Amino acid sequence: LRDKNYSKFLRLDIKWFNSEKEELRLYSFINKFYTRYSKFPDFETCKRYNIITSTPIEPYEFYLDALYSRYSYIQSKKFIKSHEEISNKIRDLILGTCDPKELELCITQFCSDNLLAFQNKKEEVSVTTFSDELINFKYLQNRNKFSTGSYGILTPYDKINESTHGLKMSEWLLITGAAKRGKSFLWINFIYHAWLLSGNPTLISSLEMDSMDEFATTGIFPRLISMISGVNLSMIRSGKLPTNLLNIIDKTMKKYEDAYVFENKNIPPLYFLNGRKNKNLANFKTAIRDFNPVVVGIDSIYLAEPSDKGYYRNDLEREKRLVDERMELVQSTRTIGIDTHQLGKTAIKEKELDIDNIAGVAAWVRNPDLVIALESYHSKNKDDKGEHEDKRYITRLAGRNSESYFRFPIHFKFKPHFDMSEITYEELRTIDDYESDDDDDHKEIFNLAS
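Structural notes, computed from the coordinates. Predicted model, so just to flag it, every value in this text is computed and none were measured.

## Quick word on the overall build of the chain
Next, step 1: When you go through the chain residue by residue, the secondary structure sums to 16 helices and 8 strands.
Next, step 2: The proportion of buried residues among the 450 residues of the chain is 42%.
Next, step 3: In the chain, of all internal contacts separated by at least 6 residues, the share reaching a separation of at least 24 is 63%.
Next, step 4: A total accessible area of about 26000 Å² is found for the chain, and carbon and sulfur atoms account for 53% of it.

## Concerning the pattern of salt bridges
Next, step 1: Under the criterion given, the structure shown has 15 salt bridges.
Next, step 2: Linking E23 and R70 is a salt bridge whose minimum nitrogen-to-oxygen distance equals 2.7 Å. Of the two residues, E23 is situated in helix α2 (residues 21–37) and R70 in helix α4 (residues 60–95); the sequence distance between them amounts to 47 residues.
Next, step 3: With a closest N to O distance of 3.1 Å, R407 and E375 form a salt bridge.

## Concerning the environment of P156
Next, step 1: For P156, the position within the fold is in the loop between α6 (130–144) and α7 (158–164).
Next, step 2: Each C-alpha atom of the pair P156 and L186 lies 9.6 Å from the other, and the pair is 30 residues apart in sequence.
Next, step 3: Beyond its immediate stretch of four places on either side in the chain, P156 contacts N189, F190 and H193.

## Here's the deal with the pairing of strand β6 (residues 370–378)
Next, step 1: Burial of β6 is extensive: 9 of the 9 residues sit out of reach of the surface.
Next, step 2: Here strand β1 (residues 172–177) runs beside β6; their pairing, made up of 5 bridges, is parallel. Counted as the bridge partner of L173 is L370 from β6.

## A few points about helix α13 (residues 315–333)
Next, step 1: In a regular helix each residue adds 1.5 Å, so 19 residues correspond to 27 Å; α13 covers 27 Å between its end C-alpha atoms and thus fits that length.
Next, step 2: Every buried residue belonging to α13 is among E319, L322, V323, E325, R326, M327, L329 and V330, and all of these are buried.
Next, step 3: Elements in contact with the buried residues of α13: β1, α12 (281–291), β4 (295–299), β5 (336–342) and α14 (361–364).
Next, step 4: Residue N314 occupies the N-cap position of α13, its side-chain oxygen lying 3.2 Å from the main-chain nitrogen of L316.
Next, step 5: In the segment just after α13, R334 is the residue with positive phi, at about 55°.

## Observations regarding the packing of aromatic side chains
Next, step 1: Here the structure, examined in full by the defined rule, presents 21 aromatic pairs.
Next, step 2: Here Y157 and F190 contribute two aromatic rings whose centre-to-centre distance is 5.9 Å and whose plane-to-plane angle is 55°, an arrangement assigned as tilted. One end of the pair, Y157, is in the loop between α6 and α7; the other, F190, is in helix α8 (residues 183–197), with 33 residues separating them in the sequence.
Next, step 3: Judged by relative accessible area, which is 1%, Y157 ranks as buried.

## What to know about the environment of F185
Next, step 1: Position of F185 among the secondary structure elements: in helix α8.
Next, step 2: With relative accessibility at 12%, the residue F185 sits in the buried group.
Next, step 3: Measuring from C-alpha to C-alpha, the distance between F185 and M420 comes to 9.1 Å, with 235 residues separating the pair along the chain.
Next, step 4: The contacts of F185, once residues within four sequence positions are left out, are R223, M227, L233, R237, F412, F414, F418 and M420.

## Here's the deal with the packing of helix α9 (residues 220–229) against helix α11 (residues 243–262)
Next, step 1: Axis separation between α9 and α11 bottoms out at 9 Å; the angle between their running directions is 70°. Between α9 and α11, the angle is such that the two are roughly perpendicular. Only I248, I249, T252, M253 and Y256 of α11 make contact with α9, whose side of the interface consists of I225, I228 and S229.
Next, step 2: Among the residues making up the contact of α9 with α11, the classes are represented as 6 nonpolar, 2 polar and no charged.

## A look at the pairing of β5
Next, step 1: Among the 7 residues of β5, 6 are classified as buried, and the element is accordingly described as predominantly covered.
Next, step 2: Summarising the sheet, β1 and β5 pair through 6 bridges and their orientation is parallel. When the bridges of β5 are listed, G177 appears paired with Q342.
Next, step 3: As paired strands, β4 and β5 are joined by 4 bridges and run parallel to one another. When the bridges of β5 are listed, G297 appears paired with I338.

## Topic: the packing of α8 against α9
Next, step 1: The contact between α8 and α9 brings their axes to 10 Å, and the two run at 65°. Crossing hand, α8 versus α9: right-handed. Taken together, the residues of α9 that come into contact with α8 (itself represented by S184, F185, W187, I188, N189, Y192, W195 and L196) are I220, R223, L224, M227 and I228.

Criteria and cut-off values
Residues numbered from 1 in each chain as written. Predicted model: local features only at pLDDT ≥ 70, side-chain atom pairs only at ≥ 80, totals over all residues. Heavy atoms only, no water. Helix = DSSP H or I, 4+ residues; strand = E, 2+ residues; numbered from the N terminus. Buried < 20%, exposed > 50% of the residue type's maximum accessible area, 1.4 Å probe, protein only. Contact = heavy atoms within 4.5 Å. Areas by Shrake-Rupley, 256 points an atom, 1.4 Å probe, with all protein chains shown as cover. Salt bridge = Lys/Arg side-chain N within 4 Å of Asp/Glu carboxyl O. Pairing = 2+ DSSP bridges. Expected span 1.5 Å × (residues − 1). Polar contact = N/O pair within 3.5 Å; in protein donor to acceptor, adjacent residues only side chain to side chain. Phe/Tyr/Trp six-rings, centres within 6.5 Å; stacked < 30°, edge-to-face > 60°. Axes fitted to C-alpha atoms, helices over the stretch in contact; angles between N-to-C directions. Parallel < 35°, antiparallel > 145°, perpendicular 65-115°, else oblique. Nonpolar A, V, L, I, M, F, W, Y, C, P; charged D, E, K, R; others polar. Left-handed = near helix turned anticlockwise from the far one by under 90°.

Right under this line is the structure:
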């Protein structure tokens, strides 16, 4: 409660509190409170519910060690008692007063009760039974009732949300696209929705650019602030925003602050990790441990380095290790990964993309839960076969959770402000000025998306 760190809370096991009813009651209260309100209760709230607390003085690890030592002591007593029962059974067996099956049952029970009792929680092999999973399943389903909207983090696009029901903990979204075709802008749009609109602590890094240059004109932050405020990006890149536009940025952020205050919350933190200095995935693991984000986004993930800087025979071997480690990081930290990667040179304009168009496909297609591509838009108008710079297609290339296929067009405008919204079928007819009998290709796309 003092540190307000959910990852530290997750390290606790409810079994450690079974011997102390008041502690068990406090643990359960915190768990239910966080599930419902997405924050920890303060000490005063605990007091109002007659929950006993005391002011902690020492570091968290001190109490964690004391707690586990007490648990180990209790388990030791149980272990000794069980061992004595087995010794008595063996003695009775020798005297002929005990059935061998009775001894076998006693030993089996002893092993199941004590085999994993003293393993360190950080290194234990996690094994559950069907009954355990059923209890957890019902708990999570009930917990979802307290969440608003989808039980996953919503993306900017209805077609993706309908297909995936939102991005969930320990899932990894990979956004692909050709070089210099706008995938970083699309990535920032996903981050904006996951962080500010969905309300999740978020950590992001670009391995190709800094958060901001020395003139506050380029980088991740200027793009993000343009997207949030609606201030034209070209005006921001001029480096000399007039006072009235700076005031618009302030007013926009104030509206978000007021909205969160209305919900009795604060704007969740957004952390920028310097990608030029922190390319090793070990740095990301440390940052996740220290700042406890829910969403972690890495732009140009293919430029990252595996934690193990060992010898790799070729780029494919290194990339496979990188992909495996990124997936392990998503799963072990229970974060949501939103990263970008490049399409290969095999991606051909005016032809629909497939999974083989991903650069290093053998390494990158195995682990992400969802892979999408940002591709160029070409009009279906017979008189206009050119590429439209102010539009793109988003296409599902691969998934591991049976998501339905989608391919839909989006706006890709920067003037007078950011617009990356989905294009409706009615808009598309107006844009391309179709004859009614020439619509079949786009009708098929919208039907597939639906």
